[in-house]
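# Topology and contacts: notes
Listed below, chain by chain, are the residues.
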Amino acid sequence: MSIMTLSDRSGYERAMQTLGGIWFMLLALCFAIKIGSHSEPWPSLLSSLCLASFYVLLGLLVMTRAPAKAHADGWLPRIAAFVGTYMPWAIGFFGETDEALPNLASTVCVLTGMIMMLLTIRHLGKSFSLVPQARSVVQTGPYRWIKHPLYLAEQIAIFGVVLKVLSPLTVTLFVLHIGVQVCRIYYEEDLLRRNCPEYSGYEASRWRLIPYVW
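All residue numbers refer to positions counted from 1 along the written sequence of the respective chain. Per-residue local features of the predicted model are confined to residues with pLDDT of at least 70, and side-chain atom pairs are confined, for both listing and counting, to 80 or more; whole-chain, interface and lining totals are unaffected and use all residues. Only hydrogens and water are removed before side-chain values are computed, so all heavy atoms of the structure are retained for them.

### With respect to a nonpolar patch on the surface
Under the convention used in this document: Two joining distances apply to patches: 9 Å for like charges and 5 Å for nonpolar side chains (Val, Leu, Ile, Met, Phe, Trp, Tyr), and every residue must have over 30% relative accessible area and no salt bridge. For the accessible areas, the method is Shrake-Rupley and the probe is 1.4 Å, while residue cover comes only from the protein chains on display. For this analysis, a salt bridge means a side-chain nitrogen from Lys or Arg found within 4 Å of a carboxyl oxygen belonging to Asp or Glu. Exposed residues in this analysis have more than 50% of their type's maximum accessible area, buried residues have under 20%, and partly exposed residues fall in between, with area computed by a 1.4 Å probe over protein chains only.
There is a patch of nonpolar side chains on the surface, built from Ile22, Leu26, Leu29 and Ile33 and spanning about 380 Å² of accessible area. Taking relative accessible area as the criterion, leucine 29 reaches 47% and is therefore assigned partly exposed.

### With respect to the packing of aromatic side chains
Put simply, the test is: Whether two aromatic rings pair depends on their centres lying within 6.5 Å, for rings of Phe, Tyr and Trp, where Trp uses its six-membered ring; planes under 30 degrees apart make the pair stacked, over 60 edge-to-face, and the rest tilted. Going along the chain from the N terminus, every DSSP run of H or I of four or more residues is numbered as a helix, and every run of E of two or more is numbered as a strand.
Applying the stated criterion across every chain, the model contains three aromatic pairs. Taken together, a centroid distance of 5.6 Å and an interplanar angle of 50° make the contact between phenylalanine 159 and phenylalanine 174 tilted. Pair noted here: phenylalanine 159 is in helix α5 (residues 149–164) and phenylalanine 174 is in helix α6 (residues 168–195), with a separation of 15 residues, a long-range link. The class of phenylalanine 159 is partly exposed, set by a relative accessible area of 36%. Measuring from centroid to centroid gives 6.2 Å for tyrosine 186 and tryptophan 214, while their planes differ by 75°, and the two rings are edge-to-face. With tyrosine 186 in helix α6 and tryptophan 214 in the segment after α7 (199–204), the pair connects residues that are 28 residues apart, well separated along the chain. By relative accessible area, tyrosine 186 is classed as partly exposed at 42%.

### Focus on the UniProt feature "transmembrane region" (unreviewed entry) in the protein chain
The line we're drawing: UniProt positions are given in the numbering used here, feature names are shortened, and annotations may be inferred rather than shown by experiment.
Look at the UniProt record and you will see "transmembrane region" (unreviewed entry) annotated at residues 42–63, 75–94, 100–121 and 156–180. Between the C-alpha atoms that bound residues 100–121 the distance is 31 Å, and the span itself is 100% helix and 0% strand. Between the C-alpha atoms that bound residues 156–180 there is a distance of 15 Å. The span itself is 88% helix and 0% strand.

Encoded structure:
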């Protein structure tokens with residue numbers, strides 16, 4: 001049984017929505033200031049513009065998501081969610097490269113992740129969340145093929161950030177982040193399995209992240 005009361009959960013969720021939204025908007029502001037300075041080559045500015053737009057999108061999504069009908073019990077799912085959601089985006093504060101090729105590759109990855117996220121959320125609607133929560137089982141759009149397209153979109157975009165700030169440390173953080181995302185997937189699937197009866201049939205016929213791989 002969860003150690004959090006319904007009131008605790010409600011207050012906790014509101015606080016996390018507010019703080020999460022503020023975090024992403026501050027990240028967007030930092031990159032917007034950098035763009036306004038015009039002190040970098042155009043590939044770097046283009047990459048920064050894509051990241052700023054992506055942060056605004058994430059901030060709006062976090063602040064407008066709907067209440068859930070069930071939450072994952074305990075603190076581990078929440079810790080995994082926050083580490084997985086907020087930690088990798090801080091990579092953007094590391095020293096960036098001015099080279100054209102990594103910045104252009106970063107732009108392609110961030111744009112791809114953003115488009116995939118928008119397409120996914122169009123079908124996900126109010127079922128979007130950060131912490132594992134049960135709202136409904138979506139089976140349209142990209143959910144017809146894989147169970148977690150939003151995580152895939154996020155991972156592609158984060159890889160774009162790593163390309164912009166490529167170093168052994170950022171690659172290590174990226175690999176660690178993949179491990180955290182796998183934990184989030186298992187927590188989410190367990191919650192849906194317990195609270196949405198229709199999930200069992202859906203789960204058996206879909207790949208998790210990459211068709212024919214996992």
